[in-house]
Amino acid sequence: MTAKAAPNLSQTQYSTPIGGQISAPIDILQSLSPALRMIEEGLTELKEARGGVVGTLRLTSIEYPARAIMIPALTGFMEQYPNVTVDLRISDRLTDIVEAGFDAGIRMGEHLEQDMLAVPLGPDLRAVVIGSPDYFARRGVPKRLEDLADHACLNYRHASHSDLFRWSFEQGERRVEMAVKGQLITDDAHVMIEAALAGQGLTYLFEPFVSEHLAAGRLRSCLEEFCPLWSGYHLYYPGRHQKSAALAALVDYLQSRRRRSGRDC
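Residues numbered from 1 in each chain as written. Predicted model: local features only at pLDDT ≥ 70, side-chain atom pairs only at ≥ 80, totals over all residues. Heavy atoms only, no water.

## Brief notes about the nonpolar core
Now for step 1: Counting residues in each nonpolar core, the largest one holds 50 residues, and the members touching the most others are Phe77, Val129, Trp167, Phe169 and Leu235.
Now for step 2: The dominant element in this core, judged by the number of residues it contributes, is helix α7 (residues 245-261), at seven residues.
Now for step 3: Setting aside residues up to four positions removed in sequence, phenylalanine 169 forms contacts with Val129, Leu145, Leu148, Arg174, Arg175, Val176, Met178, Tyr204, Phe226, Cys227 and Pro228.
Now for step 4: Among the nonpolar cores identified, the runner-up in size contains nine residues, and Leu154, Leu205, Val210 and Leu219 belong to it. (Core = buried A, V, L, I, M, F, W, Y, C linked by side-chain atoms within 4.5 Å. Buried < 20%, exposed > 50% of the residue type's maximum accessible area, 1.4 Å probe, protein only. Helix = DSSP H or I, 4+ residues; strand = E, 2+ residues; numbered from the N terminus. Contact = heavy atoms within 4.5 Å.)

So this is what it looks like as structure tokens:
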């Protein structure tokens, strides 16, 4: 019987990226990823068995709830759990947290998937249509939804799928979604606010985003009777996966913080 020749490692084919560094094929890396994650989780469990909650919490959120809700909440949490590192990624995209390797994410209740468990982080949010006093002086104040067709509206483009956001209203018992028109389209809420302050048009946002501008009179709202409440922000995580000790600690902390405050935190 003829023995098989040993493979010639010098002839093994690998993909070579720009710059000349050899990298393993993507499918090999993808197959190793779950195993590496299991090793990391095993090491974390070993450390926890020796005392204390340790590990890295990988969270994804859009900018506003990360800044206005999570950072104030995380201050006390990180003091209570000094061996937990919080890796907070900011993105406007709707992320599959399981596929992307996150422990949890932060989204509005409207966008939660059915197989996710969720912890409310704050109250429901009122939508507002806003413009500057200068804009209303020049173009008038819309009284009916149909009047928006005669106004310059600032459009928001979704980061996840590139579609334009349709303005959502309540008319009687019906939810009405409207495509609006205007010269400016952006995928950033801060830019939309600055454009509204500059008198470039009307925009549709959530009231907490612009509460200071409304209170100071730099912006005014209109069509209030048609603007709906949206389900507030939630911390969400997979219901069919066992929570890490760090995630369980964060969930417990947020729930107890909410109970202590006597309201949504």
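## Observations regarding the environment of arginine 166
Now for step 1: With respect to the helices, strands and loops of the structure, arginine 166 is situated in the loop between β6 (155-156) and β7 (167-171).
Now for step 2: Along the chain, arginine 166 and alanine 179 lie 13 residues apart, while their C-alpha atoms are 5.0 Å from each other.
Now for step 3: If near-sequence neighbours (up to four positions away) are discounted, arginine 166 is found in contact with Glu177, Met178 and Ala179.

## Here we look at the layout of surface pockets
Now for step 1: Approximately 1,000 Å³ is the volume found for the largest pocket.
Now for step 2: In terms of lining residues, the largest pocket is bounded by 44 residues, among which Ile62, Tyr156, Phe206, Phe209 and Tyr233 are the most central.
Now for step 3: Those elements that provide at least two residues to the lining of the largest pocket are β1 (55-61), α2 (63-80), β3 (104-108), α5 (189-197), β10 (203-206), α6 (207-216) and β13 (233-238).
Now for step 4: No other element matches the six residues that α6 contributes to the lining of the largest pocket.
Now for step 5: Residue composition of the lining of the largest pocket, grouped by class: 21 nonpolar, 12 polar and 11 charged. (1 Å grid on protein atoms, 1.4 Å probe; cavity = no way out; pocket = protein on both sides within 12 Å on 5 of 7 lines; lining within 4 Å. Points joined across faces, edges and corners; volume = space filled by probe spheres on them. Nonpolar A, V, L, I, M, F, W, Y, C, P; charged D, E, K, R; others polar.)

## Details of the packing of aromatic side chains
Now for step 1: Per the stated rule, a full pass over the model turns up 11 aromatic pairs.
Now for step 2: Considering the side-chain rings of tyrosine 64 and tyrosine 233, the 6.1 Å spacing of their centres and the 40° angle between planes classify their relative orientation as tilted. With tyrosine 64 in helix α2 and tyrosine 233 in strand β13, this pair connects stretches of sequence that are 169 residues apart. In this structure, tyrosine 64 and tyrosine 233 share a single accessibility class: buried.
Now for step 3: Centroid distance tyrosine 135 to phenylalanine 136: 6.0 Å. Interplanar angle 75°. Geometry classified as edge-to-face.
Now for step 4: Since its relative accessible area comes to 1%, tyrosine 135 is described here as buried.
Now for step 5: Phenylalanine 136 gets classed as buried once you look at its relative accessible area, which sits at 5%.
Now for step 6: Cation over ring: arginine 175 sits above tryptophan 230, and NZ or CZ is 5.7 Å from the ring centre. (Phe/Tyr/Trp six-rings, centres within 6.5 Å; stacked < 30°, edge-to-face > 60°. Lys NZ or Arg CZ within 6 Å of the ring centre and 35° of its normal.)

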